[in-house]
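Breakdown of the fold
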Amino acid sequence: MKFRAIIFLMAICSQSLFAQKHFEVDVSKTVAEVQPDMYGVFFEDINFGADGGLYAELIKNRSFEFDQPFVGWLPFGNVDVKNDNPCFDRNPNYVRLNETGLRRGTGLENEGFRGIGFKKNDSYRFSFYARSLDGGEKKFGIELVSSGEEVIGRGELLVSGNNWEKYECIIKSNATDAKGKVRLFLKTAGEVDLDHISMFPTETWLNRENGLRKDLVEALYELNPGVFRFPGGCIIEGNTLETRYLWKNSVGPVENRPLNENRWNYTFKHRFFPDYYQTYGLGFYEYFLLSEDLGAEPLPVISCGLACQYESEECVHVDDLEPYIEDAVDLIEFANGPVDSEWGKVRAEMGHPEPFNLKYLAIGNEQWGEGYVERLIPFMEVLREKYPEIKIIGTAGPAPDGENFDFLWPKMTELKVDLVDEHYYRSPEWFLANAERYDSYDRNGPKVFAGEFASHHKTRDNNLRAAISEAAFMTGLERNADIVQLATYAPLFAHYDAWQWKPDMIWFDNLQVVRTPNYYVQQMYGHNTGTNVLSIIADGANITGQDSLYASAVIDENTSEVIVKVVNASDEVQDINIDLKGLKKSIEKAEVKITCLHSNQPEAINTREAPNTLVPTHSSVWASESGFKLKALGNAFYVCRVKIKN
Ligand code: AHR
C-alpha cells in the first residue's frame, strides 16, 4: 500500500504543473519583414577587447608612448627613452640601447597583455624599427620566454646603417604557455635606437599582417552577425573631448597612429588600469574590413561633441561643431567615396579600392538632454543634404525608461532620425516583463535599434538564467520586427585577467575562448533570422509570459522554412502542440530540426575549465499533418525549423 502511494505521488510530481499548450502559427500571411541584418554585435575596446584581445599584437606599449614609457617593459643594462629625430612623428618616443659590454647586457623584456600566449609549434612575427648610431652592424637576440623563465624560442636580427629601417624575423615556439614574455638584447657592443617593437602570431584571421586573433574572430563569424556596431560605447565620447575616439587617427600606417587613452582605464568601482590605452592598431579600416569579412553591415558611432556625460560636462559650443560634422562627412567618404576623393583615396591606399557600402551612422552614444538635441540638429542638416541615403541613428539615452528617455524619444521623432538606439542593462525580471515592450510602440516614428542590452542579475555572471531572459525578450523584438530593426548584445569581449565590466558575450584569456550561454542565444537568433514575421498565439491569446512561455515565429521565404522560437523560463517541463495554420499541403513526416539551450541549473555558467557546460544541442521530431509537438524543458530556449510546401 505504502509502495503504491509513493508510485502515485511520483507520477503526480513528474507531471507538468502546467496544462498542455496549443500554439498556433499562421503561415498563410506574413505580418512584417525581418531585416536581414537584424541580429548583430556591438564591439567596444572595453575589458581588453581590442588591445590585448581581438587585435593580435602581443607587445604592450610597443611605441613607448604610454604616460610612463616603460609600462609593460623591463629594461636592463643601458636603455633610455628619446624622442629627437624620431622614426614616427605622431609617436615620437623610442629607446636607445647602449651595450658597453661591462654589465649583464643591454635589452628589454615585454610582459604582453597579462602575459603573452605562446602555442607549441606556432610561429610569431617579431619586428622593430632600428638604426645603428655609428652605422655599423649590430646583432640582436630575441627570446620567447615561458612563465617558468625557460627560453622556448629564439630569433636573431642584424641591424645596420644609421637610418631607420624595419627588421623582422619569424620565431617558432617549442612550448605552450599563456603567460610568457619576450626578451630582446644586444649581442654586440655599440648604440642602437629601436621603435615600434611588435610581435604577432603569423596565423591571424585570414593570415593578415597587423591582423586579428583568429580564434576570437571565428567566434564572431560563427554568430552570423548581420550588423557590426563599433567602436563604442562611451569610448567614442572620451573622458574628455580631447580623448574622444578620432577615427582619422586610426587609419593610415599603423606605426604612426597616435596613441589615445582608454576611457576604461578605470571602472566605476575605482579599479584602475593604468596600462590600458588605445593604440588604434585596430582602427576604422580594420573595423570596416572585419564587417565585410563577417558579412555584417558596418555601423560606426561617432562623437557628437559631448564628452562622456557620466564623467564630465565638457562639450563643444554648437557654433564650433564644424570639425565634428566634418569628421562624420569624411567618414562616409572614407567608407563609400571614389578612389579619387580625399578619403576614398586613403581607403584605396590601405588596400580597399572598392567601397565598404556604409549604410548606417550613429551620432553620439548614450547622450542625454537638450545639449544632445542641439548638437544632433546641425549634424543632420549637413548629412541629410550631402548623404540622404545614409540612415542616421540617434539615441534615447543610457536607460530604457525615465526622464532622459521620455525627453529624447519625442525629440528623435521630431527630428526624423531613422533609428533610435535604446540601451537596456536590467534584471532578468525586467527582460521577461518587457518581452511585450514593443507590441504597443508607435509605428509612425523612427525604428528602434536595441543597441546595447544584457540581463544584469546580482552576481552579473553570464549564467543561463540571464541568457534565457534575453532570449525571451528577443521574442518580443522579433515579433515586432517592423519597428525593431537591429539588435546587438553588449559588451562583446572580456579578458579574464583584465575586465572592467560584466556580463559579456565572449570571455577569453591569452590562449582560450569561452562562449557564454548569452552568446549561444545570440547565435541561435543570428542563424535563424528568417525573412518575415508570422503571427503566433496560444489558445487564442498573446503567448508572452503565459506560464512563463515566450515565443515568436518567422518564415524564411528563400527556403520555405517556418522557424519557431520558444522560451520556457519556468523550471517545469511544458508540453506544447505547435499548429501551423494555413498550410496548403500536409507536412506529415517532415523533419522538424530542433536546437535547444537548456540546463536544470539556471545559475550554471561556462568556464575555462568547463567551457561546454552550456551549449546548444540538436535533435529532431517528425511533424504531423499540420504541426509538431515540443516537450519544452524548464529553463530552455528552443529554435524549431520545418520546411513547408506552400
Ligand atoms: O557596454 C559598456 C558601456 O555601457 C558602453 O560603453 C556604454 O554605451 C554603456 O553605458
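Residues numbered from 1 in each chain as written. Predicted model: local features only at pLDDT ≥ 70, side-chain atom pairs only at ≥ 80, totals over all residues. Heavy atoms only, no water.

1. Some remarks on the site of the ligand
Taken together, the neighbourhood of the ligand is formed by Phe 42, Glu 44, Ile 46, Gly 233, Cys 234, Trp 264, Asn 365, Glu 366, Tyr 425, Glu 452, Pro 491 and Trp 501. At a separation of 2.9 Å, an oxygen atom of the ligand approaches a polar side-chain atom of Asn 365. Contact distances for the ligand include 3.0 Å between an oxygen atom and a side-chain N or O atom of Tyr 425. Alone, the ligand offers 280 Å² of accessible surface; in the complex the protein occludes 97% of this. (Near = heavy atom within 4 Å. Polar contact = N/O pair within 3.5 Å; in protein donor to acceptor, adjacent residues only side chain to side chain. Areas by Shrake-Rupley, 256 points an atom, 1.4 Å probe, with all protein chains shown as cover.)

2. Things to note about the packing of helix 2 (residues 214-221) against helix 3 (residues 284-294)
With their axes 10 Å apart at the nearest point, helix 2 and helix 3 run at an angle of 55° to one another. Classified by the angle between their axes, helix 2 and helix 3 sit oblique to one another. Crossing handedness for the pair helix 2 and helix 3: right-handed. Listed contacts from helix 3 to Val 217, Leu 220 and Tyr 221 of helix 2 are Leu 290, Asp 293 and Leu 294. The residue inventory of the contact of helix 2 with helix 3, partitioned by class, reads 5 nonpolar, no polar and 1 charged. (Axes fitted to C-alpha atoms, helices over the stretch in contact; angles between N-to-C directions. Helix = DSSP H or I, 4+ residues; strand = E, 2+ residues; numbered from the N terminus. Parallel < 35°, antiparallel > 145°, perpendicular 65-115°, else oblique. Left-handed = near helix turned anticlockwise from the far one by under 90°. Contact = heavy atoms within 4.5 Å. Nonpolar A, V, L, I, M, F, W, Y, C, P; charged D, E, K, R; others polar.)

3. Concerning the pattern of salt bridges
Going through the model one piece at a time under the given rule, you end up with 46 salt bridges. Salt-bridge contacts for Arg 229 lead to Glu 452; the nearest nitrogen and oxygen are separated by 2.9 Å. Of the two residues, Arg 229 is situated in strand 15 (residues 227-230) and Glu 452 in strand 22 (residues 447-455); the sequence distance between them amounts to 223 residues. The closest approach of N and O atoms between Arg 479 and Asp 439, which form a salt bridge, is 3.0 Å. (Salt bridge = Lys/Arg side-chain N within 4 Å of Asp/Glu carboxyl O.)

4. Description of the side chain of Glu 366
On the secondary structure map, Glu 366 appears in the loop between strand 19 (360-363) and helix 6 (370-386). Here the side chain of Glu 366 touches His 423 through a polar contact of 2.6 Å, side chain to side chain. The contact partners of Glu 366, leaving out residues within four places of it in the chain, are Glu 237, Gln 309, Tyr 310, Thr 395, Gly 397, Pro 398, His 423, Tyr 425 and Glu 452.

5. A short note on the domain arrangement of the protein chain
For the protein chain, the assigned domains are domain 1 (20-36 + 532-643), domain 2 (39-56 + 205-503) and domain 3 (73-201). Averaged C-alpha coordinates put domain 1 and domain 2 at centres separated by 31 Å. Regarding the contact of domain 1 and domain 2, the summed buried area is about 2,200 Å², with carbon and sulfur atoms giving 61% of it. In terms of surface lost to domain 2, no three residues of domain 1 exceed Gln 35, Tyr 550 and Arg 608, which account for 22% of the buried area on that side. Applying the counting criterion to the domain 1 and domain 2 interface returns 2 salt bridges. Close ionic contact of Glu 603 with Arg 465 constitutes a salt bridge, the shortest N to O distance being 2.6 Å. The interface formed by domain 1 and domain 2 includes 10 residue pairs in polar contact (both at pLDDT 80 or more). At the level of secondary structure, the elements contributing two or more residues to the side of domain 1 that touches domain 2 comprise strand 2 (32-33), strand 27 (532-538), strand 28 (549-556), strand 29 (561-568), strand 31 (591-598) and strand 34 (636-643). Sorting elements by how many residues they give to the side of domain 1 that touches domain 2 places strand 28 first, with 5 residues. (Domains from an automatic or database assignment. Buried area = accessible area lost by both parts, 1.4 Å probe.)

6. Comments concerning the sheet that holds strand 24 (residues 493-495)
The strands that make up a sheet are held in pairs by hydrogen bonds between backbone atoms, and each pair lies either parallel or antiparallel. Ordered by their spatial adjacency, 3 strands build an open sheet running 24-25-26, and the pairing between neighbours is mixed. Looking at which strands have only one partner, the edges of the open sheet turn out to be strand 24 and strand 26 (513-515). Strand-to-strand twist of the sheet, defined as the mean angle between neighbouring strand axes without regard to direction, takes the value 25°. Sheet topology places strand 25 (residues 506-508) next to strand 26; 3 bridges connect them, and they run antiparallel. By the bridge assignment for strand 26, Trp 507 is matched with Val 514. Packing of helix 2 onto the sheet brings it into contact with strand 24, strand 25 and strand 26, and relative to strand 26 it is tilted by some 15°. (Pairing = 2+ DSSP bridges.)

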